[in-house]
Amino acid sequence: QKEVEQDPGPLSVPEGAIVSLNCTYSNSAFQYFMWYRQYSRKGPELLMYTYSSGNKEDGRFTAQVDKSSKYISLFIRDSQPSDSATYLCAMSQGGSEKLVFGKGTKLTVNP
Amino acid sequence: NAGVTQTPKFRILKIGQSMTLQCTQDMNHNYMYWYRQDPGMGLKLIYYSVGAGITDKGEVPNGYNVSRSTTEDFPLRLELAAPSQTSVYFCASSPRRQLYEQYFGPGTRLTVT
C-alpha cells in the first residue's frame, strides 16, 4: 500500500462549481497536511496547510483532515478558470525533513 | 527578492555525460531541498541540506551528489547520466524546519538520451 494515494484525474468542471479533491494515506504518524497548487511548467506553491485533524478555511478554499479515516480533502468553492492547475497533497511526520507527496490531480475549470 | 532560482531551464544530455543543476535562494533560508518529478507522479526528495556544510540523502539519492558551501547555493550534480534520470528537477528552500513553508524554484527539465 502506498503511503499517499491521490486520484490523478483529470477532473473537468464548469466555472462556479464546487470542487472536491482528496487524498488517502496509510501512515498514522503523519501530522502535517498540505495542499500545493502547480500551474503547468511551474514549481509547486503552497496553498494551505493543516496540523492534525480539523478544518481550515482561506477564502474559497477549505482543507479538511480526518485522521481517523486517514483522509484529507480540499474544497474549492465558486471555481474559476484561474484555478485550473494540478493540485498536490503532501504530508509529513512531526520532526521529519521528508514531505511525502501524492501524484497530483489535474483540474480544469471551463468558462 | 528573486526567491529560488534554478539554471538551466532545459537541458538535453547524452547517456554518460555529467552536469550540474544550479539552485540559488536569496531569502537567507537554512533549509534547502532537491526533488524530482516524473510525469504523472508526485515529487520525490533526492537530497536536502539543513545548513551550509550539512547535507543528507532523501528518498532517491542514487546517481546524484550535492554540496552546500554557502547558505545561498545548493547545486545538484549528475554523474554518468542515465535515461532514468529524465525528469523535472525542483529546488526548494524553507526558513526553518517547517516543511509547509517550502518555496519552490521554477524547475529544470532534463532529458537524457
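Relevant structure appears above.
Numbers given for residues are sequential positions, taken from 1 along each chain in its written order. Whichever chain is written first is A, and whichever ligand is written first is 1; the rest continue in order. In keeping with the predicted nature of the model, local features appear solely for residues at pLDDT of at least 70, side-chain atom pairs appear and are counted solely at 80 or more, and the whole-chain, interface and lining totals rest on all residues. Side-chain metrics in this entry use all non-hydrogen atoms of the structure; hydrogen atoms and water are not considered.

Trainee: What's the story with the interface of chain B and chain A in this structure? I'm lost.
Mentor: Think of interface size as the accessible area that goes away when the parts come together; that is how it is often given. On the side of chain A, 20 residues touch chain B, which itself brings 20 residues to the contact. Summed over both partners, buried area is the accessible surface (1.4 Å probe) that two parts give up on being assembled. Where chain B abuts chain A, roughly 1800 Å² becomes buried across the two surfaces, and 60% of that area is made up of carbon and sulfur atoms. Any pair of N or O atoms that falls within 3.5 Å is considered a polar contact. Within protein, one atom must be able to donate a hydrogen and the other to accept it, and sequence-neighbouring residues count only if both atoms are side-chain atoms. For the pair chain B and chain A, the interface holds one residue pair in polar contact (both at pLDDT 80 or more). Any residue that is not Ala, Val, Leu, Ile, Met, Phe, Trp, Tyr, Cys, Pro, Asp, Glu, Lys or Arg is counted as polar, Gly included; the first ten are nonpolar and the last four charged. For the side of chain B that touches chain A, the residue count by class is 12 nonpolar, five polar and three charged. Any pair of residues with heavy atoms lying within 4.5 Å of one another is described as a contacting pair.

Trainee: For this particular structure, what's the right way to read the packing of aromatic side chains?
Mentor: For any pair of aromatic rings, the description rests on two quantities: the centre-to-centre distance and the angle between the ring planes. Stacked, edge-to-face and tilted are the three classes for Phe, Tyr and Trp ring pairs, Trp counted by its six-membered ring, which pair at centre distances within 6.5 Å; planes under 30 degrees apart are stacked, over 60 edge-to-face, the rest tilted. Within the structure shown, the criterion is met by 10 aromatic pairs over all chains. Taking 6.5 Å as the distance between ring centres and 80 degrees as the angle between the ring planes, the aromatic pair formed by B:Phe90 and B:Phe104 counts as edge-to-face. With B:Phe90 in strand β9 (residues 87-94) and B:Phe104 in strand β10 (residues 103-104), this pair connects stretches of sequence that are 14 residues apart. Accessibility classification places B:Phe90 together with B:Phe104 in one group, the buried group. Here the aromatic residues A:Tyr36, A:Phe101, B:Tyr33, B:Tyr35, B:Phe90 and B:Phe104 are joined through ring pairs into a cluster of three or more. The residue whose ring lies beneath A:Lys56 is A:Tyr49, and the NZ or CZ to ring-centre distance is 3.9 Å. In this description a helix means any DSSP run of H or I spanning at least four residues, a strand means any run of E spanning at least two, and both kinds are numbered starting from the N terminus. Only protein chains enter the accessibility calculation, which uses a 1.4 Å probe. A residue is then buried if its area is under 20% of the maximum for its type, exposed if over 50%, and partly exposed in between. Only Lys NZ and Arg CZ are tested; either one counts as a charge over a ring when it is within 6 Å of the ring centre and within 35 degrees of the ring normal.

Trainee: Looking at this model, I keep getting lost on the pattern of salt bridges. Mind explaining?
Mentor: Two side chains carrying opposite charge are able to pair once their charged atoms lie near each other. The salt bridge definition used is simple: a Lys or Arg side-chain nitrogen within 4 Å of an Asp or Glu carboxyl oxygen. On inspection of all chains with the given rule, the structure shows six salt bridges over all chains. A:Arg77 is the salt-bridge partner of A:Glu57, the closest N and O atoms lying 3.5 Å from each other. Pair noted here: A:Glu57 is in strand β6 (residues 54-58) and A:Arg77 is in the loop between β8 (71-76) and β9 (85-93), with a separation of 20 residues, a long-range link. When its relative accessible area of 29% is taken as the criterion, A:Arg77 is described as partly exposed. Between B:Glu59 and B:Lys44 there is a salt bridge, with the nearest N and O atoms lying 3.9 Å from each other. Note that B:Glu59 is positioned in the loop between β6 (54-57) and β7 (64-66) and B:Lys44 in strand β5 (residues 43-51), a separation of 15 residues in sequence.

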